[in-house]
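Coordinates in review
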Amino acid sequence: MGYEALIDEALTTPFEGWDFSVFGDRVTCDGTLPWDYERLARDHLARSSALLDLGTGGGEFLSSLTPLPPRTAATEAHPPNLPLARARLEPLGVEVAEDTRSFPDASFDLIINRHESYDPHELHRLLTPGGTFLTQQVGGRDLEEINTTLAAPPHEDRSWNLDQASTDLNVTWSREGTFTTTFHDIGALVLFLRVISWQVPDFDIHTYEPRLRALHESMRHGHPLRATAHRFALLATR
């Protein structure tokens, strides 16, 4: 495909929830993290009677963890994802809310969170005594090679890291890791930036067209864009 066709496809491809299978092999990841978030979630789920999933997206991950604890709830603040999450999770008995304000104090013995912001004081309010918080986070310098290549401003939360994320939490375990994400064509990159709009907040096809066209030519000649993904995870107890 030529540049215009790839861009048009990127701007019109439907995307719902957090289902990244739409990228296929156009975006690949090399390397593994030194932990398995799903395994950690399942291990703690087995001992939980009341679970909250913060930032559930379209409920894709939470629904894969069945059977769920007797009391399970989720939040999703992104308006397009909320009806998707409710359609997927409510038949499983999961209450889905926009935020945590409606949940009483000490409601959950386990809170999980993959790539969602959180307030430590709200975690303390929601967790039962001895309850557990598990999170995997995207570091503030994640995929910063994209910004550099496009001559775009750095990520607004560039300082977000494990130390900052641990503030005001009783952390019992933590890890950091990186892997390489490769974008194989310009359409895949533009679709990614459309979905992950906070990577380059001012992203616009016309503003960045010279850089995008140059990158397209480089990719077309066998030089995909490689960027370093940064993740960290932690467990904390109340």
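Residues numbered from 1 in each chain as written. Predicted model: local features only at pLDDT ≥ 70, side-chain atom pairs only at ≥ 80, totals over all residues. Heavy atoms only, no water.

We now examine the nonpolar core. By size, the foremost hydrophobic cluster in this structure holds 32 residues, and its most contacted members are Ile-146, Ile-186, Phe-203 and Leu-212. Put simply, the parts of the chain that give this core at least two residues each are α1 (3-12), β7 (171-183), α8 (186-195), α9 (209-220) and β8 (225-237). The biggest single contributor to this core is α8, with eight residues. Residue contacts for Ile-146: discarding those within four places in its chain leaves Phe-183, Leu-189, Phe-192, Leu-193, Val-200, Leu-225 and Ala-227. Listed in part, the 22 residues of the second largest apolar core include Ala-74, Ala-85, Val-94 and Trp-173. (Core = buried A, V, L, I, M, F, W, Y, C linked by side-chain atoms within 4.5 Å. Buried < 20%, exposed > 50% of the residue type's maximum accessible area, 1.4 Å probe, protein only. Helix = DSSP H or I, 4+ residues; strand = E, 2+ residues; numbered from the N terminus. Contact = heavy atoms within 4.5 Å.)

Before going further, it helps to spend a moment on the pairing of β7. Relative to β7, strand β1 (residues 27-30) is paired through four bridges, and the arrangement is antiparallel. Within β7, the position partnered with Asp-30 by the bridge is Thr-180. (Pairing = 2+ DSSP bridges.)

Further remarks concern the packing of aromatic side chains. According to the stated counting rule, one finds nine aromatic pairs in the structure shown. An angle of 90 degrees between the planes, with centres 5.4 Å apart, marks the rings of Phe-103 and Phe-108 as edge-to-face. For Phe-108, a relative accessible area of 0% corresponds to the buried category. Ring centres 4.9 Å apart and planes at 65 degrees place the aromatic pair Tyr-118 and Phe-133 in the edge-to-face group. Here Tyr-118 is found in the loop between β5 (108-114) and α5 (120-126), whereas its partner Phe-133 is found in strand β6 (residues 127-138), with 15 residues between them in sequence. Phe-133 shares its class with Tyr-118; the two are buried. Three or more aromatic residues joined by ring pairs form one cluster here, namely Tyr-118, Phe-133, Trp-160 and Phe-232. We note Arg-114 situated over the ring of Phe-61; from NZ or CZ to the ring centre the distance is 4.4 Å. (Phe/Tyr/Trp six-rings, centres within 6.5 Å; stacked < 30°, edge-to-face > 60°. Lys NZ or Arg CZ within 6 Å of the ring centre and 35° of its normal.)

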